[in-house]
Amino acid sequence: MKKKLIGVFAASIAVFALSGCGGGGDDYIPPVDDLITLLIVNQNNVGIDGIRYECDSTSGFTGNGPLAGEFTFRDFDDCDFYLEDSIVLGDDLFIVDSRLVGKNNIPYSCASGIDGFTGDTGFDGEFLYDNFLFDDVCTFEF
């Protein structure tokens, strides 16, 4: 009986010692499988490639994967999209999933050279920005 108790006690100490202190600080990196992928498309459901974006946990250019206009982020990220007139001039833009279903009620704000827009994406995922004269930066709160 003493040997069993000593064995259980030793195993408990080993588990505690190998588990560390448990605090990872700010350098915690979530697993890759929790990435979310959405798309920015125009009014014809054509993905827009080449939009630079910076999220809290990821960054890149839309369309770098198998779907045109795709971008990835993690839940609760804020993401900045740099909408250059040379890429999106005149297009109505929408945030959709891979089935092209609009993602509504995503809070965002856009700022351009002369104006700004704040709101939530519409039922079809549409968002407003100044698509005529200036490059915009739109921040989405996913």
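Please refer to the structure higher up on the page.
Given the structure is predicted, the values throughout are model-derived calculations rather than measurements. (Residues numbered from 1 in each chain as written. Predicted model: local features only at pLDDT ≥ 70, side-chain atom pairs only at ≥ 80, totals over all residues. Heavy atoms only, no water.)

Some points on the sheet that holds strand β9 (residues 126-127)
Spatially, four strands are ordered β4-β1-β6-β9 in an open sheet, and the strand pairing comes out antiparallel. Because the sheet does not close on itself, it has two edges, and the strands there are β4 (70-74) and β9. As paired elements, strand β6 (residues 93-96) and β9 share two bridges and run antiparallel to each other. Across the sheet, Leu-93 pairs through a bridge with Phe-127, a residue of β9. (Pairing = 2+ DSSP bridges. Helix = DSSP H or I, 4+ residues; strand = E, 2+ residues; numbered from the N terminus.)

What to know about the pattern of salt bridges
Scanning the model with the defined rule gives three salt bridges in all. Where Arg-74 meets Asp-34, a salt bridge forms, and the shortest distance between an N and an O atom there is 2.7 Å. Placement of the pair is Arg-74 in strand β4 and Asp-34 in the loop between α1 (2-19) and β1 (35-42), with a sequence separation of 40 residues. Judged by its relative accessible area of 11%, Arg-74 falls in the buried class. The partner of Arg-52 in a salt bridge is Glu-54, and the shortest N-O contact between them spans 2.8 Å. Under the relative-accessibility criterion, Arg-52 is labelled partly exposed at 30%. (Salt bridge = Lys/Arg side-chain N within 4 Å of Asp/Glu carboxyl O. Buried < 20%, exposed > 50% of the residue type's maximum accessible area, 1.4 Å probe, protein only.)

Describing the environment of Asp-34
The class of Asp-34 is partly exposed, set by a relative accessible area of 32%. A C-alpha to C-alpha distance of 6.5 Å links Asp-34 and Arg-74, two positions 40 residues apart in sequence. Setting aside residues no more than four positions away along its own chain, Asp-34 makes contact with Phe-73 and Arg-74. A polar contact of 2.7 Å, which involves the side chain of Asp-34, links it to the side chain of Arg-74. (Contact = heavy atoms within 4.5 Å. Polar contact = N/O pair within 3.5 Å; in protein donor to acceptor, adjacent residues only side chain to side chain.)

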